[in-house]
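# Breakdown of the fold
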Amino acid sequence: MSSLEQKALAYHSEGTPGKLAIAVTKSVGNQDDLALAYSPGVAVPCVEIARDPALAYEYTAKGNLVAVITNGSAVLGLGNIGALAGKPVMEGKVVLFKKFAGIDSFDIEIDETDPDKLVDIIAALHPTFGGINLEDIKAPECFYIERKLRERLSIPVFHDDQHGTAIVVGSGMLNAVEMTGRDISTVKIVCSGAGAAAIACLELLVDIGASRENIFVCDSKGVLTKARNLTGEKADWVQDTTATTLSEVIVDADVFLGLSGPGLLSQADVKSMKKAPIIFTLANPEPELRPELVREVAPDAIIATGRSDYPNQINNALCFPYLFRAALDTGATTINQDMKRACVTALAGIARSDERFSKDYVVPGLLDDRLLSQVTPKIAAAAMRSGVARKELDLNAYADRLTALAKTLL
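Because the structure is a prediction, the values reported are computed rather than measured.

This part is about the overall build of the chain. From N to C terminus, the chain includes 16 helices and ten strands. In summary, the chain has a C-alpha radius of gyration of 22 Å against a globular reference of 22 Å for 410 residues, a match within 12%. For the chain, the C-alpha atoms occupy an extent of roughly 75 × 50 × 45 Å along the three principal directions. Counting every position in the chain, which comprises 410 residues, the buried fraction comes to 50%.

When we look at burial in helix 6 (residues 115–125), the residues that qualify are Leu118, Val119, Ile122 and Ala123. Down the axis of helix 6, the sector holding all buried residues measures 130°, keeping them to one side. Against the buried residues of helix 6 lie strand 1 (65–70), strand 3 (131–134) and helix 7 (141–152). Its side-chain oxygen 3.1 Å from the backbone nitrogen of Asp116, Asp114 forms the N-cap of helix 6.

Attention shifts here to the side chain of Asp269. Looking at the element boundaries, Asp269 is found in helix 11 (residues 267–271). Summary of buried charges: Asp269 has no salt-bridge partner, and the nearest side chain of opposite charge, Lys271, is 11 Å away. Side-chain polar atoms of Asp269 contact the side chain of Ser247, separated by 2.7 Å. Ignoring any residue separated from it by four or fewer positions in sequence, one finds Asp269 in contact with Leu246, Ser247, Ile250 and Leu264.

The geometry of helix 13 (residues 320–330) relative to helix 15 (residues 371–386) is characterised by a closest axis approach of 8 Å and an angle of 50° between their N-to-C directions. Viewed along their axes, helix 13 and helix 15 adopt a mutual orientation that is oblique. The handedness of the crossing between helix 13 and helix 15 is right-handed. Contacts between helix 13 and helix 15 involve Tyr322, Leu323, Arg325, Ala326 and Thr330 from the first element and Leu371, Leu372, Val375, Thr376, Ile379, Ala380, Ala383 and Met384 from the second. Within the contact of helix 13 with helix 15, the residues separate by chemical class into ten nonpolar, two polar and one charged.

Quick notes on the rules
Residues numbered from 1 in each chain as written. Predicted model: local features only at pLDDT ≥ 70, side-chain atom pairs only at ≥ 80, totals over all residues. Heavy atoms only, no water. Helix = DSSP H or I, 4+ residues; strand = E, 2+ residues; numbered from the N terminus. Rg over C-alpha atoms; globule rule 2.2 N^0.38 Å. Buried < 20%, exposed > 50% of the residue type's maximum accessible area, 1.4 Å probe, protein only. Arc of directions from axis to C-beta. Contact = heavy atoms within 4.5 Å. Polar contact = N/O pair within 3.5 Å; in protein donor to acceptor, adjacent residues only side chain to side chain. Lys, Arg positive; Asp, Glu negative; His and termini not counted. Salt bridge = Lys/Arg side-chain N within 4 Å of Asp/Glu carboxyl O. Axes fitted to C-alpha atoms, helices over the stretch in contact; angles between N-to-C directions. Parallel < 35°, antiparallel > 145°, perpendicular 65-115°, else oblique. Left-handed = near helix turned anticlockwise from the far one by under 90°. Nonpolar A, V, L, I, M, F, W, Y, C, P; charged D, E, K, R; others polar.

Encoded structure:
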């Protein structure tokens with residue numbers, strides 16, 4: 001067992017097992033407090049909420065509470081390890097919600113693989129929460145589950161593996177394209193991977209200006225072409241090309257986007273791309289090609305990975321805390337495309353305004369203390385502008401409040 005593995009097990013087991021505990025927010029120091037916290041006083045807010053369900057946001061923790069939900073069918077790079085084995089990851093997500101945005105959350109691991117049953121279970125839980133973060137659910141079921149829940153519920157439902165990855169990729173890509181003097185509408189993009197994260201990344205790249213006709217996608221069987229008669233989400237990305245392999249289709253590409261597995265990109269592939277290639281090798285923990293190997297053949301490349309030990313880490317924690325913070329604070333019924341796009345441009349802007357902005361700094365760092373106060377208000381503004389917010393915020397006062405909150409968190 002490696003040193004890291006030993007430290008990780010000790011970290012999770014020493015003292016109180018796990019990473020979470022529940023805090024009480026009201027005084028319960030005497031009999032009067034108990035009479036208010038429970039019987040008979042608790043009946044009063046119950047009656048008020050029954051009369052007007054919106055008052056649950058005033059009298060309960062619902063408005064600052066997110067469910068982090070998985071069935072453990074696609075956990076990190078570990079695959080289908082089951083709901084229980086995925087619990088440490090979900091607890092970690094809860095920690096990030098609290099650490100970066102002051103959001104309380106519960107991790108809920110559901111032992112169910114049938115998509116319709118899973119939708120019913122999650123939908124039945126919704127009165128407890130102000131938002132639902134779906135996590136580590138395998139494709140293609142994750143697309144269906146998120147869509148059905150969004151149709152049924154009037155609170156935000158967000159599958160972070162799809163959209164969180166896409167948002168951070170989009171922000172880094174905007175900066176990389178600008179830095180290399182390219183036009184995003186004309187760049188040739190080759191994507192290795194056709195799962196939930198890959199499809200979401202491609203959809204968002206199109207949303208921010210990339211041309212669908214310039215995007216070529218590879219799965220484990222090769223290039224998605226019309227000759228393969230594909231169905232479902234993959235069918236949307238077929239191209240009329242004779243290229244059948246990644247090595248064939250990557251010639252003269254501007255961008256490589258990897259959301260697949262280790263070793264799937266070669267140095268020869270990189271050499272066949274255009275000068276100053278943009279290479280996002282995001283397979284975790286081992287990327288499609290290590291950055292140092294990319295640099296050997298393309299020293300001018302802009303490289304991003306999913307790892308913390310290389311520059312330009314594409315990490316979902318750069319966006320999901322701030323998306324949910326804005327959604328909860330505006331009472332948004334959903335996290336829509338306008339809010340996601342606002343997050344992309346806000347993250348890109350923070351990196352671009354930093355003196356460190358360079359090919360090794362196209363996305364902000366996770367501990368940047370500007371994220372909460374500068375990204376969140378822009379998302380909130382998009383929620384209000386696009387009509388999904390149930391509350392109107394004074395954005396200047398809101399930014400000040402978030403600045404003060406950030407000082408207590410980081």
